[in-house]
Amino acid sequence: MRVFLTLLGREVKSSFYSPIAYVVIFFFLIASGFNFYSGVALLNQSPSEVTVVEAAFNTVLFWFPFVLIFPLITMRTYADEFRMGTIETLTTAPVQDWQVVLSKFLGAYIFYTILWSPSFLYFTAFTEITGKQAALAAGAFGGSYLFLLLVGAFYIALGCLASALTSEQINAAVMTFVAIFGSFVAGLLGFILNSQSQAVRDIIAYFSAVEHMADFSRGLIDSRPIIWYVSMTALVLFMNLQVFQYRKWKA
Amino acid sequence: MIQVEQLTKRYAGFTAIKDLSFEVRKGEIVGFLGPNGAGKSTTMRILTGYMPPTSGRVSIAGFDIFEQSVEARRHIGYLPESTPLYHDMRVNEYLRYRAALKGVESANIRERVGDVLEMCSLQEKERALIATLSKGQRQRVGLADALVHDPDLLILDEPTIGLDPNQIRQVRELIKNLAHRRTVLISTHILPEVEMMCSRVIVIHKGRIRAADTAENLLRNHRAAGAISLELLNPPDSVREALTKLSGVKDVTEEPTENGKRFHLRTDADAHPAEDILRMAWEKHWALVELNRRKPTMEDVFVDLTQGE
Ligand SMILES: Nc1ncnc2c1ncn2[C@@H]1O[C@H](COP(=O)(O)OP(=O)(O)O)[C@@H](O)[C@H]1O
Ligand SMILES: [Mg+2]
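Residues numbered from 1 in each chain as written. Chains lettered and ligands numbered in written order. Predicted model: local features only at pLDDT ≥ 70, side-chain atom pairs only at ≥ 80, totals over all residues. Heavy atoms only, no water.

S.K.: Looking at this structure, how should I read the site of ligand 1?
M.R.: Inspection of the region around ligand 1 gives 13 residues, with Gly-37, Gly-39, Lys-40, Ser-41 and Thr-42 of chain B positioned closest. Per-site note: the chains with residues close to ligand 1 are chains A and B. Between ligand 1 and Ser-41 of chain B there is a distance of 2.7 Å, counted from an oxygen atom to a side-chain nitrogen or oxygen. Considered on its own, ligand 1 offers 560 Å² of accessible surface; in the complex 68% of this is hidden by protein. Elements with a contribution of two residues or more to the shell around ligand 1: β2 (14–24) and α1 (40–47) of chain B. When its residues are assigned to classes, the shell around ligand 1 shows six nonpolar, five polar and two charged. (Near = heavy atom within 4 Å. Polar contact = N/O pair within 3.5 Å; in protein donor to acceptor, adjacent residues only side chain to side chain. Areas by Shrake-Rupley, 256 points an atom, 1.4 Å probe, with all protein chains shown as cover. Helix = DSSP H or I, 4+ residues; strand = E, 2+ residues; numbered from the N terminus. Nonpolar A, V, L, I, M, F, W, Y, C, P; charged D, E, K, R; others polar.)

In structure tokens:
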């Protein structure tokens, strides 16, 4: 456990060492702030059925920066270790490979969580200033953040896997982006293939991040997406371990 | 301490090491020699558990490096070939991290890191960012890392490569000081270093062991063990034949010089024909202007063992 925490500590620290981290934080704050602002503005214009939570989270303005942060957060996790050769000092210390894989995943995940924490303030400030409950329902608020944690785990795991496949950060970033964007677009097929049978749309709904977000930000928390994201994260991490060992042995 | 049995490693069709078997006993300092591409780094990477062999077994301090990998690795301090380090960390921060990773008790970390900083003369650079260090300083950070958990086995892959002569001397002194009560396996290109430091030498070439013995024995048994050269002014034609007949002389070659000829003699290791040559020169009125005796060096041994096929 101590070894794992040592590894994790280094991962979290190093995610703040990189200048990229501050670029990400900066743009993310701007994007999510603007996002929130435009959500509120939208509601200001006319009465609407959506809550401010939904208006802030399930829009193109939300998804675009959202999909972009994962490649940036995860690209250096393994790529740098392979490029610099530190993978050799790391894995010849008395640590186990799964500890390395899990610590890299969790390190990036913690950074991701920290990235989201300021957005809490928006809703808190909104509540303070307007005297209205931001979410109008605790469920929508909790649901949105639960969704962010779930989908974040899956996408971060995808990013780590991509990083383990290459020694170049940029390749890792591109692969991550393509994988996430691909799964994202596949999730949109439900809207495009409206005419298709219910069964097809059900299958798509099962993994469509956009549809999950739509439900969760309304406070509709279903166990199927939870199981989907948790098991996909576990599966990708398992693949990550295999790739990691394979690359190290081939090195 | 290290036991290697029939180690073979194939990379995608290319056999880097083949059927390597050797042993390193507790307390030995063993030099691991071989030309570039001989398979030294490959062997060391297998010994440290970085990658598995295609076949064969390695045990470190009684633990199988793959069956009981973590236990085995606790005994090893490893300095990889290119001294990889995290450039975004400070020296003491890096060493504290590595100490914790290698299981040094939290209460002892500060002291251990202080000790290795001192051993490797890095106190002044304690707070420096690793990215700002010179090559020699980084090498010493790598050594400090290898030492920080006080391992009983050090595996050092070319610790002096890329250093200037002063730094090489420092690192050599350091390794010598570290060596007592530790077992050391060190690969290097610097041959005089090997004679000075190592109690035993393993020479590999093209993935196979060519020799494993003390430096002394290797020099003694080396077939071109000694060499003498002499220069004569206007020598008669019979000189070469006369020299060849001396006892202990294996062969003689000659080359012309400005006013005479220079003769090169290869001798047996324990032969001392210099006296005979002087006597002969005196008796036959040769105009001897120069007589040099050259002892065989590790370089001769190395070249002899590692050239060809
Ligand atoms: N990852 C690899 N893939 C393919 N061949 C490799 C790999 N690593 C080393 N080799 C080859 O194996 C041989 C031995 O390499 P190495 O162990 O690094 O030698 P040394 O350290 O003695 O210079 C070389 O011919 C090298 O090209
Ligand atoms: Mg090498």
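S.K.: Which parts of the structure should I look at to understand helix α5 (residues 135–147) of chain B?
M.R.: Residues that lie three or four places apart on an α-helix share one face, since the helix turns once every 3.6 residues. In this model α5 of chain B runs 19 Å from its N-terminal to its C-terminal C-alpha over 13 residues, within 8% of the 18 Å that 1.5 Å per residue would give. By the criterion of burial, α5 of chain B is predominantly enclosed, with eleven of the 13 residues buried. Those residues of α5 of chain B not exposed but buried are Gly-136, Gln-137, Gln-139, Arg-140, Val-141, Gly-142, Leu-143, Ala-144, Asp-145, Ala-146 and Leu-147 of chain B. Tucked inside the fold, the buried residues of α5 of chain B contact α6 (86–92) of chain A together with β6 (76–79), α3 (91–101), α4 (106–119), β7 (153–157) and α6 (165–179) of chain B. (Expected span 1.5 Å × (residues − 1). Buried < 20%, exposed > 50% of the residue type's maximum accessible area, 1.4 Å probe, protein only. Contact = heavy atoms within 4.5 Å.)

S.K.: Can you help me understand the interface of chain B and chain A in this one?
M.R.: How large an interface is tends to be reported as the accessible area lost when its parts come together. With 32 residues of chain B at the interface, the matching set in chain A holds 26 residues. Three residues, Tyr-50, Tyr-86 and Leu-101 of chain B, lead the burial of chain B against chain A; their summed loss comes to 28% of the area buried on that side. Applying the counting criterion to the chain B and chain A interface returns three salt bridges. Residues Arg-10 of chain A and Asp-88 of chain B are paired through a salt bridge, measuring 3.3 Å at the closest nitrogen-oxygen approach. The interface formed by chain B and chain A holds eleven residue pairs in polar contact (both at pLDDT 80 or more) in total. (Buried area = accessible area lost by both parts, 1.4 Å probe. Salt bridge = Lys/Arg side-chain N within 4 Å of Asp/Glu carboxyl O.)

S.K.: What is the right way to look at the coordination of the magnesium ion (ligand 2) in this model?
M.R.: Metal coordination angles have textbook ideals: 109.5 degrees for a tetrahedral set of four donors and 90 or 180 degrees for an octahedral set of six. Residues and elements named next belong to chain B. Bound to the magnesium ion (ligand 2) on the protein side are Ser-41 (OG), Glu-81 (OE) and Glu-81 (OE), at distances that span 2.0 to 2.7 Å. Of the two residues, Ser-41 sits in helix α1 while Glu-81 sits in the loop between β6 and α3, which places them 40 residues apart along the sequence. The exposure class of Glu-81 is partly exposed, given its relative accessible area of 33%. (Donors = N, O, S within 2.8 Å, 3.2 Å for Na, K, Ca; no water.)

S.K.: Looking at this structure, how should I read the packing of α3 of chain B against α5 of chain B?
M.R.: In a pair of packed helices, the angle between the axes and the distance between the axes together describe the arrangement. Residues and elements named next belong to chain B. The interhelical angle for the contact between α3 and α5, taken along N-to-C directions, is 25°, at an axis separation of 9 Å. In terms of orientation, α3 and α5 fall into the roughly parallel class. Seen along the crossing, α3 lies across α5 with a hand that is right-handed. Mapping the contact onto sequence places Val-91, Tyr-94, Leu-95 and Arg-98 in α3 and Val-141, Ala-144 and Asp-145 in α5. (Axes fitted to C-alpha atoms, helices over the stretch in contact; angles between N-to-C directions. Parallel < 35°, antiparallel > 145°, perpendicular 65-115°, else oblique. Left-handed = near helix turned anticlockwise from the far one by under 90°.)

S.K.: Please clarify how the domain arrangement of chain B should be interpreted in this entry.
M.R.: Residues and elements named next belong to chain B. Assigned domains within chain B: domain 1 (2–220) and domain 2 (223–306). Between the C-alpha centres of domain 1 and domain 2 the distance comes to 42 Å. The partner domain 2 presents ten residues to the 15 residues of domain 1 that form the contact. Together domain 1 and domain 2 conceal approximately 1100 Å² of surface at their shared face, both sides included; 81% is due to carbon and sulfur atoms. Inspection of the domain 1/domain 2 interface yields zero salt bridges. The interface formed by domain 1 and domain 2 includes two residue pairs in polar contact (both at pLDDT 80 or more). Residue composition of the side of domain 1 that touches domain 2, by class: ten nonpolar, two polar and three charged. (Domains from an automatic or database assignment.)

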